[in-house]
Amino acid sequence: MNGRTTRRSAWFLGSALLLTASLTANGAAANPRMLVDINTLQVIEHEDAFQRWYPASLTKLMTAYTVFRAIKAGELTLESPVIMTKNAAAEPPSKMYFKPGQKMTLDSALKIVLVKSANDVAVAIAESVGGSEQGFVNRMNAEAARIGMSSSHFINPHGLPGKGQYTTARDLAVLAVTLKREFPQYAPYFALEGFTTGKKQYPNFNMLIGRFDGADGMKTGFICASGFNQVSSATRNGRSVVSVVLGSDSLGARADISAGMLEKGLTMRGGTGTKLGQLRPYGETRDIVADISEDICSKHAAKVRSEGRDEAGRQKLASPYIHELNRPLKLVYAGLLGGDAAKTAGDDKVAAGDMGDIANVPIPIPRPTF
């Protein structure tokens, strides 16, 4: 490691400590986090791992897991149709604004949900797989209980907040590890750099994909009440780790902290530690769902976030482990079936070489629940 990298690393770690101290001083709960080795299930580090937290769009990891279980049971396939209903189309943003009656494959729907975090498509998936939104949510909770997510409960398939919707960093680590171990064949869904409908391109809000060596997943989420959250995974030299970061104050902060944790997990030597299933509940406020809205969505916080962007509007990143993506994003197709899909593709065909370098397009400002 050269002197410049050492100085950058020291600055990054110092900034992370100042961020944590600032949140604590303002009365917000400390940032829950977890770092786990996927192969050994060793807990490498954890903080406030049992503090209940609004999951925001990290909920969609549970939605995906429930879908994968249904496919495994032979109930449907990735080519099964997902139909947009009036109920699904009425969901608030983030959304695709598909019209009732329009169809897509389950494969396309999963790509849209895991990259764009579209709430309307999440509900359409739930209704198509579970028969009704509530029926699917019941299955989500049953699956969560089955795999040991002992302090999680879901009230919808997308993550918009409400009474009875909560999870913990520990439970999200359990879910992420289970997804990686039980369904390795679906790992590419969580590592997508973006997708195109043929008319418009949608980059992944996970700023580690393609920018952190070995990053291969998984999901981001944001609402005022829970801040900027991220579940990340990475594999390097045969080692695979998962990190969970909750309550960060910006897109950049959650990426920086996640990158630092992943790097630690991928490069550390030795150590035994507690196994994920052996970690016992702790924390005096763990049964109260934290709400950090005043810290995240205040005018002061918005001003600080705006100052964290460059002249082009892109989020500034401090981590020495995240590098520029100096190439076009690798996009997959995800869109509608039938006449609507043909119309979409025909309106604005994206030919090779005409897509342009969208790697440096400003990272969009999130609307709930990215």
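Only a predicted model underlies this, so the values are computations on that prediction, with no experimental measurement involved.

(A) How the structure looks around the overall build of the protein. Secondary structure assignment for the protein yields 11 helices and 10 strands. Within the protein, contacts between residues separated by at least 24 positions form 72% of all contacts whose residues are at least 6 apart in sequence. Per element, the accessible surface of the protein, about 15,600 Å² overall, is 54% carbon and sulfur.

(B) A look at the pairing of strand β8 (residues 227–236). Extensive coverage of β8 is indicated by the burial of 8 of its 10 residues. One ladder, built from 8 bridges, connects strand β7 (residues 215–223) with β8; its direction is antiparallel. Each residue of the ladder has a partner; that of Lys 219, found in β8, is Val 231. Between β7 and β8, which pair antiparallel and follow one another directly, the connecting turn spans 3 residues. Pairing geometry for β8 and strand β9 (residues 239–248), over 8 bridges, is antiparallel. Opposite Ala 234, over in β9, you have Val 241 as the bridge partner.

(C) Broad picture of the sheet that holds strand β10 (residues 332–333). What the 3 strands build is an open sheet, ordered β6-β5-β10; its pairing is mixed. This sheet does not close on itself; its edge strands, each paired only once, are β6 (201–203) and β10. The pairing of strand β5 (residues 194–196) with β10 spans 2 bridges and is parallel. Each residue of the ladder has a partner; that of Thr 196, found in β10, is Tyr 333. Sheet contacts for helix α4 (residues 106–115): β5, β6 and β10; angle to β5, the most-contacted strand, approximately 130°.

(D) How the structure looks around the packing of aromatic side chains. All chains considered together, the criterion is met by 10 aromatic pairs. Ring geometry for Phe 50 versus Tyr 282: centroids 5.6 Å apart, planes at 75°, classification edge-to-face. Highlighted residues: Phe 50 in the loop between β2 (43–47) and α2 (59–72) and Tyr 282 in the loop between α8 (251–267) and α9 (293–296), separated in sequence by 232 residues. On the basis of relative accessibility, which here comes to 5%, the residue Phe 50 falls in the buried class.

(E) Structural view of the pairing of β9. Burial analysis of β9 places 10 of its 10 residues in the buried class, which makes it a mostly covered element. Here strand β1 (residues 33–37) pairs with β9 via 5 bridges, running antiparallel. Directly across from Met 34, in β9, lies its bridge partner Val 244.

(F) Seen up close, the pattern of salt bridges. If you walk through the whole model with that rule in mind, you get 13 salt bridges. Residue Asp 37 is joined to Arg 239 by a salt bridge in which the shortest nitrogen-to-oxygen separation is 3.4 Å. One end of the pair, Asp 37, is in strand β1; the other, Arg 239, is in strand β9, and 202 residues separate them in sequence. Exposure class is identical for Asp 37 and Arg 239. Each is buried. Here Arg 139 and Glu 75 are joined by a salt bridge, their closest N and O atoms 3.0 Å apart. Linking Arg 139 in helix α6 (residues 133–146) with Glu 75 in the loop between α2 and β3 (81–83), this pair joins segments that are 64 residues apart in sequence. Judged by relative accessible area, which is 45%, Glu 75 ranks as partly exposed. When salt bridges with common partners are traced through the structure, they connect Arg 69, Lys 72, Glu 143, Arg 146 and Glu 182 into a single cluster.

(G) Highlighting the state of the cysteines. Within the structure shown, the criterion is met by 1 disulfide. The disulfide partner of Cys 224 is Cys 297, and the gap between their sulfur atoms is 1.9 Å. Between Cys 224 and Cys 297 the disulfide shows an S-S torsion of about -90°. By sign, it is left-handed. One end of the pair, Cys 224, is in the loop between β7 and β8; the other, Cys 297, is in the loop between α9 and α10 (299–307), and 73 residues separate them in sequence. Residue classification places Cys 224 among the partly exposed residues on the basis of a relative accessible area of 29%. Of the residues examined, Cys 297 reaches a relative accessible area of 35% and is grouped as partly exposed.

Cut-offs and rules
- Residues numbered from 1 in each chain as written.
- Predicted model: local features only at pLDDT ≥ 70, side-chain atom pairs only at ≥ 80, totals over all residues.
- Heavy atoms only, no water.
- Helix = DSSP H or I, 4+ residues; strand = E, 2+ residues; numbered from the N terminus.
- Contact = heavy atoms within 4.5 Å.
- Areas by Shrake-Rupley, 256 points an atom, 1.4 Å probe, with all protein chains shown as cover.
- Buried < 20%, exposed > 50% of the residue type's maximum accessible area, 1.4 Å probe, protein only.
- Pairing = 2+ DSSP bridges.
- Axes fitted to C-alpha atoms, helices over the stretch in contact; angles between N-to-C directions.
- Phe/Tyr/Trp six-rings, centres within 6.5 Å; stacked < 30°, edge-to-face > 60°.
- Salt bridge = Lys/Arg side-chain N within 4 Å of Asp/Glu carboxyl O.
- Disulfide = S-S within 2.5 Å.

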